[in-house]
Amino acid sequence: VAWVDLLAMARVAGFCHARRSVAIVVSCVRRKTRRMDGGVTPDELAPRLQDFLAGASGNRHVAIEGLRRVPGGASRETWSFDARLGDGPARALILRRDPGRTSVGSDRAMEFRVLRAAHAAGVPVPEVLWLGDDPAVLDGRFFVMERIEGETLARRLLREPAYAVARGAMTGQLGTILACIHAVP
């Protein structure tokens with residue numbers, strides 16, 4: 001089950017259409033104050049996420065920009081944002097968050113460990129950075145990982161002419177990725 005989640009995470013992060021191929025940015029425009037599925041708004045989430053990142057990264061000065069909910073992720077919320085930690089450059093990041101009570105029985109800590117082990121073994125997945133295992137921090141367990149731009153909708157990848165070149169490379173790339181996954185200790 002964890003490896004299926006790993007493949008799903010790679011897809012959500014935009015890798016499965018090939019990290020080294022043409023990356024197409026999927027923009028998701030939402031009004032900043034709109035509630036998502038009855039949940040938290042970006043305005044409510046941003047200061048709490050900022051406080052967590054300040055503590056987790058050791059940087060007192062953290063700025064969150066462009067926080068928006070990404071569509072998809074039936075069992076988890078996926079939020080995209082840029083974070084500036086201290087005087088460093090902005091980092092493109094993803095927040096994967098449990099949306100509160102859920103019927104799905106996986107946990108963020110295991111998903112975090114699986115992704116970390118896979119990344120360390122050379123599997124092309126986003127690097128996971130910080131785990132928030134206390135649900136009180138953001139109203140659910142979560143983790144933060146790097147964001148990899150790309151298309152994640154299978155329908156588009158399989159049908160749209162813009163992805164014809166990527167489709168030609170995907171089969172071989174997916175085979176290579178599966179071989180990497182099977183080599184993870």
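Note that the structure is a prediction, hence the values are computed from the model and not measured.

Caption draft 1: Quick look at the packing of aromatic side chains. For the coordinates displayed, the defined rule picks out two aromatic pairs. Between Phe52 and Phe142, the ring centres sit 4.8 Å apart and the planes meet at 80°, which makes this aromatic pair edge-to-face. Of this pair, Phe52 sits in helix H2 (residues 42-57) while Phe142 sits in strand S5 (residues 142-146), placing them 90 residues apart in sequence. For Phe142, a relative accessible area of 0% corresponds to the buried category. For the pair Phe112 and Phe143, a centre-to-centre distance of 6.0 Å together with 70° between the ring planes defines the contact as edge-to-face. With Phe112 in helix H3 (residues 108-120) and Phe143 in strand S5, this pair connects stretches of sequence that are 31 residues apart. Both residues of the pair, Phe112 and Phe143, belong to the buried class.

Caption draft 2: Fine view of the environment of Val62. Looking at the element boundaries, Val62 is found in strand S1 (residues 62-70). Judged by relative accessible area, which is 7%, Val62 ranks as buried. Spatially, the C-alpha atom of Val62 lies 9.6 Å from that of Phe52, the residues being ten residues apart in sequence. Filtering out sequence-adjacent residues up to four positions away, Val62 remains in contact with Gln50, Leu53, Ala54, Ser57, Arg84 and Leu85.

Caption draft 3: Representation of the pattern of salt bridges in the model. Across all of its chains, the model carries eleven salt bridges by this definition. Asp82 serves as the salt-bridge partner of Arg147, at 2.8 Å between the closest nitrogen and oxygen. Of this pair, Arg147 sits in the loop between S5 and helix H5 (154-159) while Asp82 sits in strand S2 (residues 77-85), placing them 65 residues apart in sequence. Here Arg147 falls in the buried class, since its relative accessible area comes to 15%.

Caption draft 4: Focus on unusual backbone geometry. At Asp139, a position not held by glycine, the phi torsion is positive, near 60°. Mapping Asp139 onto the fold places it in the loop between helix H4 (135-138) and S5. For Asp139, a relative accessible area of 43% translates into the label partly exposed.

Caption draft 5: View of the nonpolar core. Counting 20 residues, the largest nonpolar core has Leu49, Leu53, Ile64, Phe81 and Leu95 as its most contacted members. Secondary structure elements with two or more residues in this core: H2, S1, S2, strand S3 (90-97), strand S4 (128-132) and S5. The contacts of Ile64, once residues within four sequence positions are left out, are Ala46, Leu49, Gln50, Leu53, Phe81, Asp82 and Ala83. One finds Phe112, Leu115, Val125 and Val128 within the second-largest nonpolar core, a separate group that totals twelve residues.

What counts and how
- Residues numbered from 1 in each chain as written.
- Predicted model: local features only at pLDDT ≥ 70, side-chain atom pairs only at ≥ 80, totals over all residues.
- Heavy atoms only, no water.
- Phe/Tyr/Trp six-rings, centres within 6.5 Å; stacked < 30°, edge-to-face > 60°.
- Helix = DSSP H or I, 4+ residues; strand = E, 2+ residues; numbered from the N terminus.
- Buried < 20%, exposed > 50% of the residue type's maximum accessible area, 1.4 Å probe, protein only.
- Contact = heavy atoms within 4.5 Å.
- Salt bridge = Lys/Arg side-chain N within 4 Å of Asp/Glu carboxyl O.
- Core = buried A, V, L, I, M, F, W, Y, C linked by side-chain atoms within 4.5 Å.

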